[in-house]
Amino acid sequence: MSNFTAAAEGGGTVAARSSLWESIRGCGILGMGIDEEELRRKILIPAYIRTAMSSAIRNRDAGASAEAAVRAGEEAYEVPEAPIVVFVNSRSGGRRGPQLTARLQQLISVEQVFDLSDTQPPHFVQYGLTCLENLADNGDNLARAIRENLRVMVAGGDGTVDWILGSLGELFVQKREPVPPTGIIPLGTGNDLSRSFGWGGSFPFAWKSAVKRSLLKAVSNPVQHLDSWHVTIIMQETERLELPFSLKHMEEYDLTQDVDIQRELPENISCSEGVFYNYFSIGMDAQVAYGFHHLRNKKPYLAQGPMSNKLIYAGLGCTQGWFFTPCVKSPELRALKNILALYIRKDNSKQWEKIQIPSSVRSIVILNLDCYGGGRHPWGHPMPEYLEKKSFFEAQVDDGLLEIFGLKHGWHAPFVMVELISAKHIAQAAAIKLELRGGDWNKAYMQMDGEPWKQPLKRDYSTFMKIERVPFQSRMISGK
C-alpha cells in the first residue's frame with residue numbers, strides 16, 4: 001500500500017497551518033471594543049479578599065491572613081461574575097513576559113496576577129485558596145461565592161499549564177472541590193494544550209487587545225474535561241540519575257502484576273512517578289528534544305522564541321541520527337522492538353495483551369491530545385470504516401484512551417507532521433505497560449510533555465513502566 005493510500009485510509013489530509021495566521025486572527029479586533037471597566041467588574045476580587053489571599057501566600061500562613069481580613073467600612077461589594085487569577089511564566093513568550101504581567105495587573109489587579117518566578121502554584125493552592133476557604137467557613141458569603149466561581153488563566157507554554165493543572169489536581173485528592181477551570185494564553189513553542197482547547201497556537205501580535213478578549217472568553221465560555229495519565233517507572237537503582245521536573249521519586253511499586261515478564265527485578269530498585277497531559281514518547285524524537293534542551297541550557301541566547309526554537313529542532317533532527325538510522329548496519333542499534341516490549345489493556349477489559357512493535361519504528365509516541373509537535377495531527381482523522389476495521393474509537397481528550405503510534409525515521413516524520421500521511425498506528429489503550437531490555441543499548445531517550453531525559457538501560461535487568469489514567473479529570477475552559 002502506498003503512503004498516499006495509507007493517508008486516505010487513515011484519514012490524513014494535506015494541511016498547511018500558519019502561526020502567522022493564528023497570530024493575525026488572534027489580534028483581537030473584537031478585543032479592541034471591550035470596555036475595560038466592564039471587564040474588570042466581571043473578574044475583580046474585592047480588595048480585602050485578594051489582599052488576604054496574597055498575604056497568605058507571601059507569609060505561608062492561611063489562617064492568620066484570613067483572621068486579619070477586614071472589610072473597609074460598610075462598603076457594599078458586588079459579587080464578580082467570574083473572579084479570575086492569572087499565572088504568568090515571564091520567561092516564556094520571548095521577552096514579552098514582564099510586559100504581559102504588567103498589562104494583566106493593569107486590567108485586573110496586582111494581587112490577582114502571579115509571576116511564576118515569585119509564586120509557585122502549590123503555594124497558591126496551599127495558602128491562597130485555603131485562606132479563601134477559611135473566610136467562607138467563617139461565614140463570609142462573598143468569599144464563598146468567589147471560591148465557587150473562581151477561574152484560572154495560565155500565560156505560558158504546555159509545561160507551565162501542566163504545572164498549574166497538577167497543582168489544582170491536588171484539590172481533587174484533598175476533596176476540596178470545586179476545582180477552578182483553567183484557560184490559556186499561549187506563550188510556548190508548541191502550545192498543543194492551548195490549540196486543543198481553542199486558545200490558539202501562538203502569542204498574537206496585537207496582544208494588548210487580545211489579552212482582553214481572552215479574559216472575556218474565560219468569564220463565560222463553557223468548561224470541558226481533560227484526561228491525565230499517571231506514569232510509574234521502576235528500574236535498578238542508579239547513582240546520579242537526572243530525572244525531569246515532572247518525575248518524582250516514590251515508594252516501591254509492584255509493576256509486574258498481571259504481566260508475564262521474563263526477567264526478575266533487581267534487589268535494589270528505584271521507583272519514580274509523574275503525570276502527563278499531552279504525550280509520552282521513547283526514541284529518536286525524544287533524543288532530538290534532549291539535544292535541544294541541553295543546547296538551550298548551555299547557550300540560552302540561541303533560544304529566544306518559537307521560531308528560533310523550531311529551527312534548532314530541525315537542525316538537531318538532521319544531526320542526531322533521526323535521518324541516518326536507516327543506514328545503520330546493525331539492526332540492534334535501530335528498531336525499538338529490539339529493546340521494548342509493549343502491553344496494553346483495552347477499554348472495559350481486565351486482560352493485558354502484548355502488542356508487536358513494527359520493525360521500522362524508531363520512535364513510539366503515546367498521545368492523549370489531538371495535537372502534537374505544534375498543532376500537528378499525526379494520528380490523523382481516520383474514517384469510520386477504518387476505525388471499525390482496527391477496532392479503534394474516534395480520539396477524544398476525555399475518552400479514557402491513549403493513541404499509540406510510531407514514527408519510522410526522518411524521511412517519514414516530515415510527511416506525517418505536514419499530514420500528507422498518518423503515523424504508523426499501533427494501538428489504542430486504556431492502560432499501558434512497557435518493558436525496556438538492556439543489551440547493545442545502554443540508554444534510551446524519553447520525554448514526557450516536552451521534558452526529555454536519558455534513561456539508563458541495564459544488560460541484566462529490565463526497566464518497567466506503567467501508564468494508567470488518573471481517576472479524576474482536569475477542568476479546562478474552552479477558548480472557542
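Residues numbered from 1 in each chain as written. Predicted model: local features only at pLDDT ≥ 70, side-chain atom pairs only at ≥ 80, totals over all residues. Heavy atoms only, no water.

- An unreviewed UniProt entry lists the protein chain under the name Diacylglycerol kinase, with Musa itinerans as the source organism.
- What the UniProt record of the protein chain gives under Function (unreviewed entry) is the line "Phosphorylates the second messenger diacylglycerol (DAG) to generate phosphatidic acid (PA), another important signaling molecule. PA is required for plant development and responses to abiotic stress and pathogen attack." (UniProt positions renumbered as here; feature names shortened; annotations may be inferred.)

**Observations concerning the overall build of the protein chain**
Next, step 1: Each helix and strand counted, the protein chain has 16 helices and 19 strands in total.
Next, step 2: A burial count over the protein chain gives 54% of its 480 residues as buried.
Next, step 3: Excluding contacts between residues fewer than 6 apart, the proportion of contacts in the protein chain whose partners are at least 24 apart in sequence is 79%.
Next, step 4: Working note: accessible area of the protein chain is about 22,300 Å², and carbon and sulfur atoms make up 50% of it. (Helix = DSSP H or I, 4+ residues; strand = E, 2+ residues; numbered from the N terminus. Buried < 20%, exposed > 50% of the residue type's maximum accessible area, 1.4 Å probe, protein only. Contact = heavy atoms within 4.5 Å. Areas by Shrake-Rupley, 256 points an atom, 1.4 Å probe, with all protein chains shown as cover.)

**Quick notes on the sheet that holds strand E16 (residues 443-448)**
Next, step 1: Read from one edge to the other, the open sheet built from six strands follows the order E14-E13-E12-E9-E16-E17, with strand pairing classed as antiparallel. Looking along the sheet, the strands with just one partner apiece sit at the ends: strand E14 (424-429) and strand E17 (451-456). The sheet shows a mean angle of 20° between the axes of neighbouring strands, direction not considered.
Next, step 2: Here five bridges tie strand E12 (residues 363-367) to strand E13 (residues 402-407), and the two strands are oriented antiparallel to one another. Its bridge partner lying in E13, Ile364 is registered against Gly406. (Pairing = 2+ DSSP bridges. Axes fitted to C-alpha atoms, helices over the stretch in contact; angles between N-to-C directions.)

**Focus: helix H4 (residues 36-43)**
Next, step 1: By the burial criterion, the buried members of H4 are Leu39, Lys42 and Ile43. End-on, the buried residues of H4 take up no more than an arc of 85°, which puts them together on one face.
Next, step 2: Where H4 is buried, its residues contact strand E1 (84-88) and helix H12 (207-220).
Next, step 3: Of the residues that open H4, the one with a side-chain oxygen 3.2 Å from the backbone nitrogen of Glu37 is Asp35. (Arc of directions from axis to C-beta. Polar contact = N/O pair within 3.5 Å; in protein donor to acceptor, adjacent residues only side chain to side chain.)

**Here's the deal with the pattern of salt bridges**
Next, step 1: Throughout the structure, instances matching the rule amount to 12 salt bridges.
Next, step 2: Here Glu81 makes a salt bridge to Lys42, at a shortest N to O gap of 3.1 Å. Placement of Glu81 in the loop between helix H6 (62-68) and E1 and of Lys42 in helix H4 is noted, with a sequence separation of 39 residues between them.
Next, step 3: Given a relative accessible area of 45%, Glu81 falls into the partly exposed group.
Next, step 4: Its salt-bridge partner being Arg176, residue Glu133 comes within 3.1 Å of it at the nearest N-O pair. One end of the pair, Glu133, is in helix H8 (residues 121-137); the other, Arg176, is in the loop between helix H10 (158-173) and strand E4 (182-186), and 43 residues separate them in sequence.
Next, step 5: A relative accessible area of 15% means that Arg176 is categorised as buried.
Next, step 6: One network of salt bridges, in which partners are shared, links Glu38, Arg41, Lys42, Glu78 and Glu81. (Salt bridge = Lys/Arg side-chain N within 4 Å of Asp/Glu carboxyl O.)

**Remarks on the packing of helix H5 (residues 47-59) against H8**
Between two packed helices, the angle of one axis relative to the other and the distance separating the axes together describe the packing.
Next, step 1: Running from N to C, H5 and H8 point in directions that differ by 140°, and their axes come no closer than 8 Å. In terms of axis orientation, H5 runs oblique to H8. Considering only the axes of H5 and H8, their crossing is right-handed. For the pair H5 and H8, contact is made by Ile49, Ala52, Met53, Ala56 and Ile57 and by His123, Phe124, Tyr127, Gly128, Cys131, Leu132 and Leu135, respectively.
Next, step 2: Of the residues assigned to the contact of H5 with H8, the class counts are 10 nonpolar, two polar and no charged. (Parallel < 35°, antiparallel > 145°, perpendicular 65-115°, else oblique. Left-handed = near helix turned anticlockwise from the far one by under 90°. Nonpolar A, V, L, I, M, F, W, Y, C, P; charged D, E, K, R; others polar.)

**Some points on the pairing of E13**
Next, step 1: Across the six residues of E13, six count as buried, placing the element largely inside the fold.
Next, step 2: Here E13 shows a buried face lined by Leu402, Ile404 and Gly406 and a second buried face lined by Glu403, Phe405 and Leu407.
Next, step 3: Judged from the five bridges that link them, E13 and E14 form a sheet pairing that is antiparallel. Note on E14: the bridge partner recorded for Ile404 is Ala427.

**Overview of the sheet that holds strand E8 (residues 269-276)**
Next, step 1: Spatially, seven strands are ordered E7-E8-E6-E18-E15-E10-E11 in an open sheet, and the strand pairing comes out antiparallel. Strands at the two margins of the open sheet, each flanked by one partner only, are strand E7 (247-250) and strand E11 (352-355). Sheet twist, expressed as the average angle between the axes of neighbouring strands with direction ignored, equals 20°.
Next, step 2: Note that E7 and E8 share four bridges and pair antiparallel. If you follow Met250 over to E8, its bridge partner there is Cys271.

**A word on the packing of aromatic side chains**
Next, step 1: Summed over all chains, the structure comprises 10 aromatic pairs.
Next, step 2: Consider the rings of Phe276 and Phe280, whose centres lie 6.3 Å apart with planes at 40°: the pair is tilted.
Next, step 3: Look at Phe280 and you get buried, because its relative accessible area is 0%.
Next, step 4: Between Tyr279 and Tyr372, the aromatic rings sit 5.1 Å apart at their centres with planes inclined by 85°, giving edge-to-face as the arrangement. (Phe/Tyr/Trp six-rings, centres within 6.5 Å; stacked < 30°, edge-to-face > 60°.)

**As for the nonpolar core**
Next, step 1: Formed by 67 residues in total, the largest nonpolar core has its most connected members in Ile49, Val86, Leu100, Phe124, Leu215 and Leu226.
Next, step 2: With eight residues, H8 is the largest single contributor of residues to this core.
Next, step 3: Residue contributions to this core reach at least three from each of two domains, namely domain 1 (32-221) and domain 2 (229-471).
Next, step 4: Apart from the residues within four sequence positions on either side, Val86 is in contact with Leu104, Ile108, Gln112, Val113, Phe114, Met153 and Leu215.
Next, step 5: Ranked by size, the runner-up nonpolar core spans 33 residues in total, among them Trp229, Ile366, Leu434 and Leu436. (Core = buried A, V, L, I, M, F, W, Y, C linked by side-chain atoms within 4.5 Å. Domains from an automatic or database assignment.)

**Concerning the environment of Ile49**
Next, step 1: Relative to the assigned elements, Ile49 resides in helix H5.
Next, step 2: Separated by 20 residues in the primary sequence, Ile49 and Ala69 place their C-alpha atoms 6.8 Å from one another.
Next, step 3: If near-sequence neighbours (up to four positions away) are discounted, Ile49 is found in contact with Leu132, Leu135, Leu142, Ala143 and Ile146.

**A word on H8**
Next, step 1: Taking 1.5 Å per residue, 17 residues should reach 24 Å; H8 reaches 23 Å between its end C-alpha atoms and fits that length.
Next, step 2: Most pronounced at Thr130, the bend in H8 amounts to some 30°.
Next, step 3: Where burial is concerned, most of H8 is hidden: 13 out of the 17 residues are buried.
Next, step 4: Just downstream of H8, Gly139 is the residue with a positive phi angle, here 100°. (Expected span 1.5 Å × (residues − 1). Bend = angle between axes of the 7 residues up to and from the residue.)

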